[in-house]
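# Commentary on secondary and tertiary structure
As a plain string of letters, each chain reads:
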Amino acid sequence: MNLKGRNFITLLDFTSEEITHLINLSAKLKEDKYNGKEHKVLSDKNVVLLFQKDSTRTRCAFEVGAMDLGMGVTYLGPNGSQMNTKESVKDTARVLGRMYDGIEFRGYKQSDVEALGANAGVPVWNGLTDVYHPTQILADFLTIKEVFGKLKGINFTYVGDSRNNMGNSLMIGAAKQGLNFTGVAPKELWPDQKLIDTCLEIAKEHGSTIHFTEDKMEGTKNADVVYADVWVSMGEPKEVWETRIAQLNEYQVDMEMMNNAKDTAIFMHCLPAFHGKDTEVGKKIAEGFGDKFPKVKNGEMEVTDEVIESECSVVFQEAENRMHTIKAVMLATLRESYE
Ligand code: CP
Ligand code: NVA
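These notes cover the structure that comes with them. The model shown is predicted, which means the values in this text are computed figures rather than measured ones. (Residues numbered from 1 in each chain as written. Chains lettered and ligands numbered in written order. Predicted model: local features only at pLDDT ≥ 70, side-chain atom pairs only at ≥ 80, totals over all residues. Heavy atoms only, no water.)

With that settled, consider the layout of surface pockets. Quantified by volume, the largest pocket comes out at close to 920 Å³. In this structure, the largest pocket is lined by 33 residues; those nearest its centre are V230, V232, M234, P272 and F274. When contributions to the lining of the largest pocket are tallied by element, the ones reaching two or more residues are helix 2 (57-68), helix 6 (165-177) and helix 11 (280-289). In terms of residues, the lining of the largest pocket owes the most to one element, helix 11, which gives five residues. (1 Å grid on protein atoms, 1.4 Å probe; cavity = no way out; pocket = protein on both sides within 12 Å on 5 of 7 lines; lining within 4 Å. Points joined across faces, edges and corners; volume = space filled by probe spheres on them. Helix = DSSP H or I, 4+ residues; strand = E, 2+ residues; numbered from the N terminus.)

Here you go:
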């Protein structure tokens, strides 16, 4: 399997075998790191990380991953470059591609990461746009494989805004890896029908299912994995909070939902998660909307504190796996092989 020179912009561009290869490579890199085996095999290379939005996991995963591989790293934050204000994405791509061996981009428009990919001449990695978050899915699937030993046939339930970057990418990943995907949300938060149709076709090839429901008990019945994401994504105006809470507060993942899933079910979340009042936003929401929507009065939104702190929660294992999987993406697209 040779992915050298490839962009990593959406999982739609990758075959099932290629995705499996990246997950297996991640597991190998994780094992090597745990065993103290150095793997600075890219010490002649440098990468640049372009962030238009905030990040903890993705930025640190790229930085630590790159450093573990021996690479130099430059971070450019929302105001750290001329891109968009004085220089087009296309020109930025052509400049950075002459200095760096790989470019990570986190931002708003999917068309921006595509423009970088088309013009940089070096691999471009999507660290999240409004539409997709493909590196997260590799970490999620590595985690599921670690817990259940397989991906095929896993009943995967995503609860919440199913048409955001996470909903879209998890559905594509599930279709390609043979997981049975169920989206649970009010109908107006289901993904674009064209993307659902594409995923249905892919899922058919892998003998798995794609299904949407507004019924949270039906949707979590027999689930192996219950997955949640924030109700309002980065880049959305803060005015949407009230509507989104009204749409989703009944879909807060709580113990009743977890108990409705399989006995062995795990809870997953890409993080960051609102599960208490110990964040600025969590506190504001609790104070602003708690009277009207009692479920959020303790700052718990997409998941209760009880669930995320329970034995069934694997969210920090999942967060760690961001680093091993992102490292695998960089390694596989910058070098032919790794022994
Ligand atoms: N899950 C994730 O992408 O987290 P960050 O926003 O912290 O990068
Ligand atoms: N849907 C979330 C994912 C964060 C990792 C967002 O875009 O903010």
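Before going further, it helps to examine the sheet that holds strand 4 (residues 124-126). Pairing within the open sheet is parallel, and its four strands lie in the order 2-1-3-4. The sheet terminates laterally at strand 2 (72-76) and strand 4, the two strands that pair on one side only. Each adjacent strand pair in this sheet contributes to an overall mean axis angle of 20°, direction not counted. Here strand 3 (residues 102-106) runs beside strand 4; their pairing, made up of three bridges, is parallel. Across the sheet, F105 pairs through a bridge with N126, a residue of strand 4. Where helix 2 meets the sheet, its contacts fall on strand 1 (46-51), strand 2, strand 3 and strand 4, and the angle it forms with strand 1 comes to roughly 175°. (Pairing = 2+ DSSP bridges. Axes fitted to C-alpha atoms, helices over the stretch in contact; angles between N-to-C directions. Contact = heavy atoms within 4.5 Å.)

Quick look at the packing of helix 5 (residues 134-148) against helix 13 (residues 315-334) now. In a pair of packed helices, the angle between the axes and the distance between the axes together describe the arrangement. For the pair helix 5 and helix 13, interaxial distance at closest approach is 8 Å and the crossing angle is 120°. Judged by the sense of rotation from one axis to the other, the crossing of helix 5 with helix 13 is right-handed. In this structure, helix 5 contributes T135, Q136, L138, A139, D140, L142, T143, E146 and V147 to the contact, and helix 13 contributes Q317, E318, N321, R322, T325, I326 and V329. Looking at the contact of helix 5 with helix 13 residue by residue, the class counts come to six nonpolar, six polar and four charged. (Left-handed = near helix turned anticlockwise from the far one by under 90°. Nonpolar A, V, L, I, M, F, W, Y, C, P; charged D, E, K, R; others polar.)

Further remarks concern helix 3 (residues 89-99). Within the sequence span of helix 3, burial applies to V89, T92, A93, L96 and G97. Buried residues in helix 3, looked at end-on, bunch into an arc of 125°, giving them a common side. Opposite its buried face, helix 3 presents the exposed residues R98 and M99, each directed more than 90 degrees away. Where helix 3 is buried, its residues contact strand 1, strand 3 and helix 4 (110-119). (Buried < 20%, exposed > 50% of the residue type's maximum accessible area, 1.4 Å probe, protein only. Arc of directions from axis to C-beta.)

Now for the site of ligand 2. Around ligand 2 sit L128, H133, N164, N165, D229, V230, S233, M234, C270 and L271, and those are all the residues in its vicinity. Separating a nitrogen atom of ligand 2 from a side-chain N or O atom of S233 is a distance of 2.8 Å. The separation between an oxygen atom of ligand 2 and a polar main-chain atom of M234 is 2.8 Å. Expressed as a share of its isolated accessible area of 270 Å², the protein-covered part of ligand 2 is 95%. The cavity that encloses ligand 2 is the largest pocket. Taken together, the residues that form the shell around ligand 2 break down as five nonpolar, four polar and one charged. (Near = heavy atom within 4 Å. Polar contact = N/O pair within 3.5 Å; in protein donor to acceptor, adjacent residues only side chain to side chain. Areas by Shrake-Rupley, 256 points an atom, 1.4 Å probe, with all protein chains shown as cover. Sits in = over half its atoms within 2 Å of the grid points.)

Moving on to the environment of L195. For L195, the position within the fold is in helix 7 (residues 193-205). With relative accessibility at 11%, the residue L195 sits in the buried group. Other than its neighbours up to four places away in sequence, L195 contacts L12, Y132, N168, M171 and I172.

Attention shifts here to unusual backbone geometry. In this model, L271 is joined to P272 through a cis peptide bond whose omega is 5°. Positionally, P272 belongs in the loop between strand 9 (266-269) and helix 11. A positive phi angle, close to 65°, is found at N222, a residue other than glycine. Here N222 falls in the partly exposed class, since its relative accessible area comes to 43%. Considering the arrangement of structural elements, one finds L271 in the loop between strand 9 and helix 11.

So, on to the site of ligand 1. Neighbouring residues of ligand 1: S55, T56, R57, T58, R106, H133, Q136, C270, L271 and R322. One of the side-chain nitrogen or oxygen atoms of R57 is found 2.8 Å away from an oxygen atom of ligand 1. The contact in question runs from a nitrogen atom of ligand 1 to an N or O atom on the backbone of C270, over 2.9 Å. Contact with the protein chains removes 96% of the 250 Å² of surface that ligand 1 exposes when unbound. The site holding ligand 1 turns out to be the largest pocket. The class makeup of the residues in the shell around ligand 1 is two nonpolar, five polar and three charged.

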